Amino acid sequence: MNITPKMEKAMKIKTTNFGNEIQFSYPNETLAISTTGDNCNLSCAHCNGHYLKNMTPINDYKSKIKTKNISSFLLSGGCSFEGDVPINRNIETIKKLKEEGYKLNAHLGLMDRKSIEDVCKHIDIVSFDLVFDKETIKEVYKIDKNREDYIKAYETIREVTEVAPHICIGLKGGQIKGEYDIINYLSKNPPKKVTFIVLIPTKNTEYENVSPPDLEKVCDVLCEARISLPNTEINLGCMRPRGKYRKELDELAIMCGINKIVLPSNNAKARAIDMNMTIEETKECCVL
């Protein structure tokens with residue numbers, strides 16, 4: 001893929017506002033724990049509970065921290081039929097983790113206001129998936145929610161703690177639908193950080209045979225974000241396809257003016273070195 005004028009503009013904005021630095025995140029010190037085990041009520045088209053299997057059940061976290069150097073936690077789990085992640089059921093454990101000095105990042109989903117206020121007293125930052133396209137919400141999550149539901153939850157969380165919006169590029173079976181609308185909304189009140197992930201066609205899901213979004217389209221979304229959010233830290237998160245796709249994406253993402261890549265490919269490292277960038281390595285979840 002050739003470098004486009006939009007990529008050149010995005011990279012210039014990034015260099016002007018953030019300098020010639022790139023962060024590479026290797027989140028070995030963040031433990032992802034699930035408050036619902038491997039159970040999720042929604043059987044989403046892109047996940048179907050698959051990624052919960054890679055998380056540590058919340059009741060087993062003590063055994064993990066005995067063998068690993070853990071400084072932070074990602075609190076997550078499966079969703080209820082209302083689209084919330086019921087981590088508030090484990091509020092006492094969350095309080096204890098915070099009292100013990102761990103940094104806490106959480107997925108809350110479409111949680112109600114009272115639960116948000118109760119949980120966020122103990123949370124450092126929330127990673128919140130923003131989805132605006134109603135067709136995508138229905139097809140992927142199987143719930144009857146809309147743009148306004150996501151905005152309401154996002155704004156409520158923002159009132160009580162820091163929140164890093166997450167945008168999945170190509171969420172609707174690899175199609176770009178709604179991503180630009182989200183960027184436009186965020187540009188009116190820019191967050192400190194935003195994380196982009198990319199649809200992974202995952203085995204034993206409805207989307208296992210779809211293609212990930214076209215790389216040129218992904219890059220255009222990333223460039224649009226950099227241009228529209230010139231002072232926001234933009235991350236490329238861990239959830240993105242592997243193999244050749246990732247190698248190409250990671251290298252191109254640098255040219256789109258992002259700030260951080262989680263588990264970067266060798267291509268990204270080589271590109272950063274070629275550009276004489278200052279490389280900083282971090283050991284926690286990208287928003288921490």
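Up top you'll find the structure we're talking about.
Note that this is a predicted model, so its numbers are computed, not measured.

### Overview of the pattern of salt bridges
Following the criterion strictly, the structure yields 17 salt bridges and no others. Note that K6 is salt-bridged to E224, the shortest N-O span being 2.8 Å. Of this pair, K6 sits in helix α1 (residues 5-18) while E224 is found in helix α8 (residues 215-228), placing the two residues 218 residues apart along the sequence. Its relative accessible area of 25% is what places K6 among the partly exposed residues. In this structure, R113 and E117 form a salt bridge, with 3.2 Å as the shortest nitrogen-oxygen distance. One end of the pair, R113, and the other, E117, are both in helix α4 (residues 113-120), 4 residues apart, so they sit about a helical turn from each other. In this structure R113 comes out as partly exposed when scored by relative accessible area, which is 40%.

### Observations regarding the sheet that holds strand β4 (residues 72-76)
Taken in spatial order, the 11 strands line up as β3-β2-β4-β5-β6-β7-β8-β9-β10-β1-β11 in an open sheet, and their pairing is parallel. The outermost strands of the open sheet, each flanked by one partner alone, are β3 (56-57) and β11 (278-282). Relative to strand β7 (residues 162-169), strand β6 (residues 125-129) is paired through 5 bridges, and the arrangement is parallel. Bridged to D129 within β7 is H166. The strands touched by helix α3 (residues 91-99) are β2 (30-34), β4 and β5 (103-106); relative to β5, the strand with the most contacts, the crossing angle is about 140°.

### Considerations on the state of the cysteines
Evaluation of the coordinates by the stated rule reveals 0 disulfides. With no disulfide of its own, C47 lies closest to C44 among cysteine sulfurs, the gap being 6.5 Å.

### Here we look at the packing of α8 against helix α9 (residues 243-255)
Each pair of packed helices can be summarised by the angle the axes make with each other and by the distance between the axes. One can describe the packing of α8 onto α9 by two numbers: an axis separation of 10 Å at closest approach and a directional angle of 30°. The pairing of α8 with α9 is recorded here as roughly parallel in orientation. Like other packed secondary-structure pairs, α8 and α9 cross with a definite hand, here right-handed. Facing L215, V218, C219 and L222 of α8, the residues of α9 in contact are Y245, E248, L249, L252 and A253.

### Quick look at the nonpolar core
Core analysis: the largest hydrophobic core is formed by 83 residues, its most contacted members being F73, L75, L108, F128 and F196. Here the element with the most residues in this core is α8; it accounts for 7 residues. Among residues more than four places away in sequence, those in contact with L108 are D84, V85, I87, I116, V119, C120, V126 and I157. The next biggest cluster of nonpolar side chains, apart from the first, holds 6 residues, and it includes I125, V262, C285 and V287.

### Thoughts on the pairing of strand β8 (residues 193-198)
Of all 6 residues that make up β8, 6 are buried, and the element is covered over most of its length. Residue alternation in β8 divides its side chains into two sets, K193, T195 and I197 and V194, F196 and V198, and both sets are buried. Bridge count between β7 and β8: 4 bridges; the pairing is parallel. Opposite I167, over in β8, you have F196 as the bridge partner. Sheet topology places β8 next to strand β9 (residues 233-236); 4 bridges connect them, and they run parallel.

Basis of the calculations
Residues numbered from 1 in each chain as written. Predicted model: local features only at pLDDT ≥ 70, side-chain atom pairs only at ≥ 80, totals over all residues. Heavy atoms only, no water. Salt bridge = Lys/Arg side-chain N within 4 Å of Asp/Glu carboxyl O. Helix = DSSP H or I, 4+ residues; strand = E, 2+ residues; numbered from the N terminus. Buried < 20%, exposed > 50% of the residue type's maximum accessible area, 1.4 Å probe, protein only. Pairing = 2+ DSSP bridges. Contact = heavy atoms within 4.5 Å. Axes fitted to C-alpha atoms, helices over the stretch in contact; angles between N-to-C directions. Disulfide = S-S within 2.5 Å. Parallel < 35°, antiparallel > 145°, perpendicular 65-115°, else oblique. Left-handed = near helix turned anticlockwise from the far one by under 90°. Core = buried A, V, L, I, M, F, W, Y, C linked by side-chain atoms within 4.5 Å.

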